[in-house]
Amino acid sequence: MSYVPFSKTLELMQLADMAALRPKGVCLTDIQNAFKVNHRSAQRMARALEKVFPTVDVNIDPDDRRKWWSFSGQERLLRLQGIQDDELSALEMGIRRATRDGAVTEVRALETLRSRIIALHPTGEVLRAETDAEATLQARGHACRPGPRTSYDPEILAVIDLALKGPFTLDVDYIGERDDAPRTRRVEPYGVLFGLRCYLICREPERDTRIRHFRLDRLHGARLVKDTFLRDPGFDIAGHAARSFECFHSETEFGTVIWHFNKRAAPVARNYVFHPNQIMQNDKEGGLIVSFEAGGWLEMAWHLYKWGDTVEVIAPDELRELVADYRRPDFPSLP
(Lines give C-alpha, C1' and ligand atoms only; values in the text may rest on other atoms or scores of the structure.)
Protein backbone atom coordinates (compact mmCIF):
# COMPACT_ATOMS: atom_id res chain seq x y z
CA MET A 1 0.00 0.00 0.00
CA SER A 2 1.48 3.36 -1.00
CA TYR A 3 1.07 6.50 1.08
CA VAL A 4 1.28 10.19 0.26
CA PRO A 5 2.22 12.65 3.03
CA PHE A 6 -1.33 13.97 3.47
CA SER A 7 -2.82 10.51 3.83
CA LYS A 8 -0.13 9.59 6.35
CA THR A 9 -1.09 12.60 8.45
CA LEU A 10 -4.77 11.64 8.38
CA GLU A 11 -4.00 8.06 9.32
CA LEU A 12 -1.77 9.18 12.20
CA MET A 13 -4.57 11.38 13.56
CA GLN A 14 -7.01 8.46 13.22
CA LEU A 15 -4.57 6.24 15.08
CA ALA A 16 -4.27 8.82 17.86
CA ASP A 17 -8.06 8.91 18.19
CA MET A 18 -8.14 5.11 18.42
CA ALA A 19 -5.49 5.10 21.14
CA ALA A 20 -7.36 7.78 23.10
CA LEU A 21 -10.86 6.32 22.75
CA ARG A 22 -10.13 2.69 23.60
CA PRO A 23 -9.67 1.95 27.33
CA LYS A 24 -6.60 -0.20 26.75
CA GLY A 25 -5.34 1.68 23.70
CA VAL A 26 -4.18 -0.08 20.52
CA CYS A 27 -1.74 -2.88 19.75
CA LEU A 28 0.01 -3.75 16.49
CA THR A 29 -2.74 -6.20 15.57
CA ASP A 30 -5.35 -3.44 15.95
CA ILE A 31 -3.32 -1.18 13.69
CA GLN A 32 -2.93 -3.90 11.07
CA ASN A 33 -6.67 -4.61 11.05
CA ALA A 34 -7.79 -0.99 11.08
CA PHE A 35 -5.45 0.28 8.36
CA LYS A 36 -5.01 -2.94 6.34
CA VAL A 37 -1.23 -2.89 6.65
CA ASN A 38 1.39 -5.54 7.37
CA HIS A 39 3.24 -5.99 10.66
CA ARG A 40 6.24 -3.85 9.67
CA SER A 41 4.05 -0.94 8.51
CA ALA A 42 2.12 -1.15 11.78
CA GLN A 43 5.40 -0.86 13.69
CA ARG A 44 6.34 2.25 11.67
CA MET A 45 2.96 3.83 12.44
CA ALA A 46 3.37 3.09 16.16
CA ARG A 47 6.83 4.68 16.17
CA ALA A 48 5.41 7.74 14.40
CA LEU A 49 2.68 7.97 17.07
CA GLU A 50 5.33 8.02 19.80
CA LYS A 51 7.35 10.69 18.00
CA VAL A 52 4.45 13.06 17.23
CA PHE A 53 2.63 12.57 20.54
CA PRO A 54 5.24 12.43 23.36
CA THR A 55 2.46 11.94 25.97
CA VAL A 56 1.45 8.54 24.60
CA ASP A 57 1.71 5.70 27.10
CA VAL A 58 3.47 2.50 25.97
CA ASN A 59 2.74 -0.56 28.09
CA ILE A 60 3.54 -4.26 27.77
CA ASP A 61 0.87 -6.81 28.66
CA PRO A 62 2.41 -9.17 31.26
CA ASP A 63 0.43 -12.14 29.88
CA ASP A 64 1.09 -12.12 26.14
CA ARG A 65 3.98 -9.53 26.07
CA ARG A 66 2.17 -7.39 23.49
CA LYS A 67 2.76 -3.65 23.39
CA TRP A 68 -0.17 -1.26 23.81
CA TRP A 69 -0.23 2.45 22.94
CA SER A 70 -2.76 4.65 24.75
CA PHE A 71 -3.49 8.12 26.06
CA SER A 72 -5.43 6.85 29.08
CA GLY A 73 -8.20 9.38 28.44
CA GLN A 74 -5.95 12.26 29.47
CA GLU A 75 -7.04 14.62 26.70
CA ARG A 76 -10.74 14.05 27.27
CA LEU A 77 -10.30 14.35 31.03
CA LEU A 78 -8.46 17.66 30.61
CA ARG A 79 -11.35 19.10 28.63
CA LEU A 80 -13.89 17.92 31.21
CA GLN A 81 -11.95 19.37 34.14
CA GLY A 82 -11.59 22.74 32.46
CA ILE A 83 -8.78 25.21 32.97
CA GLN A 84 -8.30 26.50 36.53
CA ASP A 85 -7.11 29.99 37.38
CA ASP A 86 -4.57 28.72 39.94
CA GLU A 87 -3.09 26.36 37.33
CA LEU A 88 -2.88 29.13 34.75
CA SER A 89 -1.37 31.57 37.25
CA ALA A 90 1.22 28.96 38.31
CA LEU A 91 2.22 28.48 34.67
CA GLU A 92 2.40 32.25 34.19
CA MET A 93 4.56 32.55 37.32
CA GLY A 94 6.94 30.01 35.81
CA ILE A 95 7.13 32.06 32.62
CA ARG A 96 7.82 35.30 34.46
CA ARG A 97 10.41 33.72 36.74
CA ALA A 98 12.18 32.23 33.74
CA THR A 99 12.04 35.64 32.05
CA ARG A 100 13.52 37.29 35.14
CA ASP A 101 16.30 34.70 35.30
CA GLY A 102 17.07 35.15 31.62
CA ALA A 103 16.12 31.56 30.68
CA VAL A 104 14.92 32.56 27.22
CA THR A 105 14.45 29.11 25.71
CA GLU A 106 12.48 27.95 28.77
CA VAL A 107 10.24 31.00 28.35
CA ARG A 108 9.50 30.06 24.75
CA ALA A 109 8.73 26.44 25.67
CA LEU A 110 6.42 27.43 28.54
CA GLU A 111 4.62 29.99 26.38
CA THR A 112 4.04 27.32 23.72
CA LEU A 113 2.70 24.94 26.37
CA ARG A 114 0.36 27.64 27.66
CA SER A 115 -0.95 28.27 24.15
CA ARG A 116 -1.64 24.56 23.63
CA ILE A 117 -3.53 24.29 26.90
CA ILE A 118 -5.59 27.40 26.14
CA ALA A 119 -6.43 26.05 22.67
CA LEU A 120 -8.14 23.03 24.28
CA HIS A 121 -10.74 25.14 26.09
CA PRO A 122 -13.61 27.48 25.12
CA THR A 123 -12.79 31.18 24.77
CA GLY A 124 -15.13 32.29 27.57
CA GLU A 125 -13.63 29.82 30.00
CA VAL A 126 -10.10 30.94 29.11
CA LEU A 127 -10.92 34.64 29.55
CA ARG A 128 -12.38 33.97 33.01
CA ALA A 129 -9.34 31.95 34.07
CA GLU A 130 -6.92 34.56 32.67
CA THR A 131 -8.68 37.36 34.58
CA ASP A 132 -8.55 35.44 37.85
CA ALA A 133 -4.94 34.39 37.22
CA GLU A 134 -3.84 37.99 36.61
CA ALA A 135 -5.48 39.05 39.87
CA THR A 136 -3.58 36.31 41.69
CA LEU A 137 -0.29 37.36 40.07
CA GLN A 138 -0.85 41.00 41.02
CA ALA A 139 -1.66 40.04 44.60
CA ARG A 140 1.49 37.94 44.90
CA GLY A 141 3.72 40.62 43.41
CA HIS A 142 4.69 38.65 40.30
CA ALA A 143 3.46 41.24 37.81
CA CYS A 144 6.72 43.14 38.15
CA ARG A 145 9.63 41.86 40.21
CA PRO A 146 12.68 44.16 40.06
CA GLY A 147 16.16 42.95 40.79
CA PRO A 148 19.67 43.09 39.38
CA ARG A 149 20.89 40.49 36.92
CA THR A 150 23.27 40.41 34.00
CA SER A 151 21.94 40.43 30.44
CA TYR A 152 23.02 38.41 27.41
CA ASP A 153 22.03 37.74 23.82
CA PRO A 154 19.10 35.25 23.76
CA GLU A 155 20.12 34.09 20.28
CA ILE A 156 23.41 32.85 21.73
CA LEU A 157 21.51 30.77 24.28
CA ALA A 158 19.39 29.32 21.47
CA VAL A 159 22.55 28.14 19.70
CA ILE A 160 23.86 26.66 22.95
CA ASP A 161 20.60 24.73 23.42
CA LEU A 162 20.94 23.24 19.93
CA ALA A 163 24.49 22.19 20.71
CA LEU A 164 23.44 20.55 23.99
CA LYS A 165 20.87 18.41 22.17
CA GLY A 166 23.51 16.98 19.81
CA PRO A 167 25.74 17.14 21.61
CA PHE A 168 27.73 19.27 19.17
CA THR A 169 30.85 21.34 19.70
CA LEU A 170 30.64 25.13 19.63
CA ASP A 171 32.82 27.98 18.48
CA VAL A 172 32.26 30.83 20.93
CA ASP A 173 33.62 34.37 20.91
CA TYR A 174 34.43 34.97 24.57
CA ILE A 175 36.09 37.87 26.32
CA GLY A 176 37.74 36.80 29.57
CA GLU A 177 38.68 39.05 32.45
CA ARG A 178 42.20 39.50 31.07
CA ASP A 179 41.18 39.87 27.42
CA ASP A 180 40.92 43.18 25.61
CA ALA A 181 38.74 41.68 22.87
CA PRO A 182 36.76 38.47 22.32
CA ARG A 183 38.73 35.35 21.40
CA THR A 184 37.26 32.41 19.52
CA ARG A 185 37.36 29.17 21.45
CA ARG A 186 36.12 25.70 20.50
CA VAL A 187 34.23 24.13 23.40
CA GLU A 188 32.19 21.07 24.31
CA PRO A 189 29.03 22.28 26.12
CA TYR A 190 27.71 20.41 29.17
CA GLY A 191 24.96 22.73 30.40
CA VAL A 192 23.95 26.21 31.55
CA LEU A 193 23.65 27.51 35.12
CA PHE A 194 21.20 30.37 35.74
CA GLY A 195 21.44 32.84 38.58
CA LEU A 196 22.55 36.42 39.24
CA ARG A 197 25.12 35.57 36.60
CA CYS A 198 24.52 32.86 33.99
CA TYR A 199 27.29 30.47 32.97
CA LEU A 200 27.95 28.07 30.11
CA ILE A 201 29.44 24.88 31.58
CA CYS A 202 31.85 23.40 29.06
CA ARG A 203 35.23 21.88 28.30
CA GLU A 204 37.87 23.38 26.07
CA PRO A 205 39.55 20.21 24.73
CA GLU A 206 42.32 22.07 22.89
CA ARG A 207 43.58 23.22 26.32
CA ASP A 208 42.77 20.46 28.82
CA THR A 209 39.95 18.31 30.22
CA ARG A 210 38.87 20.72 32.97
CA ILE A 211 35.25 21.81 33.31
CA ARG A 212 35.14 25.56 32.64
CA HIS A 213 32.57 28.31 33.30
CA PHE A 214 32.00 30.99 30.64
CA ARG A 215 29.76 33.89 31.62
CA LEU A 216 26.95 34.31 29.10
CA ASP A 217 27.13 38.11 29.31
CA ARG A 218 30.73 37.88 28.05
CA LEU A 219 29.84 35.73 25.04
CA HIS A 220 29.75 37.84 21.88
CA GLY A 221 28.87 35.05 19.47
CA ALA A 222 28.29 31.29 19.22
CA ARG A 223 28.32 29.07 16.15
CA LEU A 224 27.33 25.43 15.92
CA VAL A 225 30.06 23.06 14.75
CA LYS A 226 28.44 19.87 13.53
CA ASP A 227 31.01 17.66 15.17
CA THR A 228 29.64 15.49 17.94
CA PHE A 229 31.58 14.62 21.05
CA LEU A 230 31.25 12.08 23.85
CA ARG A 231 30.15 13.55 27.16
CA ASP A 232 31.89 12.36 30.28
CA PRO A 233 29.38 9.83 31.68
CA GLY A 234 30.57 10.60 35.19
CA PHE A 235 29.70 14.29 35.00
CA ASP A 236 26.56 15.32 36.91
CA ILE A 237 25.57 18.97 36.48
CA ALA A 238 23.46 18.98 39.66
CA GLY A 239 26.34 17.64 41.72
CA HIS A 240 28.72 20.03 39.99
CA ALA A 241 26.48 23.01 40.73
CA ALA A 242 26.24 21.98 44.39
CA ARG A 243 30.00 22.46 44.75
CA SER A 244 29.52 26.22 44.51
CA PHE A 245 27.58 28.64 46.73
CA GLU A 246 26.08 30.48 43.77
CA CYS A 247 27.60 30.09 40.31
CA PHE A 248 31.33 30.69 40.75
CA HIS A 249 33.26 27.42 40.75
CA SER A 250 36.87 26.89 41.78
CA GLU A 251 38.69 23.77 42.90
CA THR A 252 41.01 25.93 45.01
CA GLU A 253 38.05 27.43 46.91
CA PHE A 254 36.13 24.44 48.19
CA GLY A 255 35.62 22.96 51.62
CA THR A 256 33.49 22.76 54.75
CA VAL A 257 31.63 26.00 55.49
CA ILE A 258 30.31 26.75 58.99
CA TRP A 259 28.34 29.88 59.90
CA HIS A 260 27.00 30.82 63.34
CA PHE A 261 23.95 33.11 63.48
CA ASN A 262 23.27 34.78 66.82
CA LYS A 263 19.99 34.66 68.72
CA ARG A 264 18.58 37.68 66.89
CA ALA A 265 19.29 36.35 63.41
CA ALA A 266 18.56 32.66 64.03
CA PRO A 267 14.73 32.82 63.51
CA VAL A 268 15.27 34.49 60.12
CA ALA A 269 18.16 32.23 59.06
CA ARG A 270 16.12 29.09 59.80
CA ASN A 271 13.83 30.00 56.89
CA TYR A 272 16.73 30.17 54.43
CA VAL A 273 18.10 27.44 52.19
CA PHE A 274 21.71 28.58 51.92
CA HIS A 275 22.78 25.36 50.18
CA PRO A 276 20.98 22.17 49.04
CA ASN A 277 23.09 20.02 51.38
CA GLN A 278 23.04 22.28 54.43
CA ILE A 279 22.81 21.02 58.01
CA MET A 280 21.23 23.24 60.69
CA GLN A 281 21.86 22.88 64.42
CA ASN A 282 20.55 25.00 67.31
CA ASP A 283 22.98 26.09 70.00
CA LYS A 284 22.25 26.46 73.72
CA GLU A 285 21.95 30.27 73.52
CA GLY A 286 19.22 30.22 70.86
CA GLY A 287 21.56 30.75 67.94
CA LEU A 288 21.87 28.65 64.79
CA ILE A 289 24.84 26.84 63.24
CA VAL A 290 24.66 26.20 59.47
CA SER A 291 27.18 23.95 57.75
CA PHE A 292 27.61 22.67 54.20
CA GLU A 293 30.33 21.94 51.64
CA ALA A 294 30.78 24.39 48.79
CA GLY A 295 33.15 26.92 47.27
CA GLY A 296 33.20 30.54 46.19
CA TRP A 297 34.38 32.66 49.12
CA LEU A 298 33.72 36.01 47.46
CA GLU A 299 30.09 35.20 46.63
CA MET A 300 29.60 34.01 50.20
CA ALA A 301 31.10 37.26 51.50
CA TRP A 302 28.70 39.30 49.36
CA HIS A 303 25.78 37.40 50.89
CA LEU A 304 27.06 37.50 54.47
CA TYR A 305 27.50 41.28 54.32
CA LYS A 306 23.70 41.65 54.37
CA TRP A 307 23.57 39.97 57.80
CA GLY A 308 25.86 42.56 59.37
CA ASP A 309 27.39 41.43 62.67
CA THR A 310 24.65 38.85 63.37
CA VAL A 311 26.63 36.05 61.70
CA GLU A 312 30.10 34.74 62.45
CA VAL A 313 32.19 32.60 60.08
CA ILE A 314 33.61 29.57 61.88
CA ALA A 315 35.12 28.02 58.75
CA PRO A 316 36.92 28.28 56.40
CA ASP A 317 39.68 30.56 57.58
CA GLU A 318 39.91 32.32 54.21
CA LEU A 319 36.26 33.37 54.35
CA ARG A 320 36.48 34.43 57.98
CA GLU A 321 39.41 36.73 57.14
CA LEU A 322 37.59 38.06 54.07
CA VAL A 323 34.55 39.26 56.06
CA ALA A 324 36.30 40.22 59.31
CA ASP A 325 36.44 43.97 58.63
CA TYR A 326 32.96 44.26 57.09
CA ARG A 327 30.57 43.01 59.81
CA ARG A 328 28.44 46.12 60.34
CA PRO A 329 26.31 46.59 63.49
CA ASP A 330 24.03 49.33 62.11
CA PHE A 331 21.78 47.54 59.63
CA PRO A 332 18.16 48.24 60.73
CA SER A 333 16.80 44.89 59.52
CA LEU A 334 17.85 41.42 58.45
CA PRO A 335 17.68 40.01 54.87
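Presented here is a report on the structure given in the accompanying data block. Please read all numbers here as calculations on a predicted model, not as lab measurements.

Cut-offs applied
- Residues numbered from 1 in each chain as written.
- Predicted model: local features only at pLDDT ≥ 70, side-chain atom pairs only at ≥ 80, totals over all residues.
- Heavy atoms only, no water.
- Pairing = 2+ DSSP bridges.
- Helix = DSSP H or I, 4+ residues; strand = E, 2+ residues; numbered from the N terminus.
- Axes fitted to C-alpha atoms, helices over the stretch in contact; angles between N-to-C directions.
- Contact = heavy atoms within 4.5 Å.
- 1 Å grid on protein atoms, 1.4 Å probe; cavity = no way out; pocket = protein on both sides within 12 Å on 5 of 7 lines; lining within 4 Å.
- Points joined across faces, edges and corners; volume = space filled by probe spheres on them.

**Here we look at the sheet that holds strand β4 (residues 183–193)**
The sheet built from 5 strands is open, its strands ordered β6-β5-β4-β3-β7 with antiparallel pairing. Each having just a single partner strand, β6 (211–215) and β7 (219–228) make up the two edges of the open sheet. Looking at each pair of strands side by side, their axes are set apart by 45° on average, direction ignored. Across 7 bridges, strand β3 (residues 168–174) lies against β7 in antiparallel orientation. Paired with Asp171 across the two strands is Arg223, which belongs to β7. On the sheet, helix α8 (residues 154–165) packs against β3, β4, β5 (199–203) and β7 and is oriented at approximately 20° with respect to β7.

**Topic: the layout of surface pockets**
Roughly 940 Å³ of volume is contained in the largest pocket. In terms of lining residues, the largest pocket is bounded by 26 residues, among which Glu177, Arg210, His213, Phe248 and His249 are the most central. For the lining of the largest pocket, the secondary structure elements donating two or more residues are β4, β6 and α11 (297–305). Ranked by residue count, the leading element in the lining of the largest pocket is β6, at 5 residues.

**With respect to the sheet that holds strand β9 (residues 279–282)**
What the 4 strands build is an open sheet, ordered β9-β10-β8-β11; its pairing is antiparallel. Looking along the sheet, the strands with just one partner apiece sit at the ends: β9 and β11 (311–315). On average, each strand axis in the sheet is inclined to that of its neighbour by 25°, with strand direction left out of account. As judged from the 4 bridges shared by β9 and strand β10 (residues 288–295), these two strands associate in the antiparallel manner. Its bridge partner lying in β10, Gln281 is registered against Ile289. Sheet contacts for α11: β8 (254–261), β10 and β11; angle to β8, the most-contacted strand, approximately 10°.

**Things to note about unusual backbone geometry**
For the bond running from Gly166 to Pro167, omega is -5°, close enough to zero to count as cis. Inspection of the secondary structure assignment puts Pro167 in the loop between α8 and β3. Geometrically, the link from Ala315 to Pro316 is a cis peptide bond, its omega value of 5° lying close to zero. On the secondary structure map, Pro316 appears in the loop between β11 and α12 (317–323). Notably, Lys36 is not glycine yet its phi reads approximately 55°, a positive angle.

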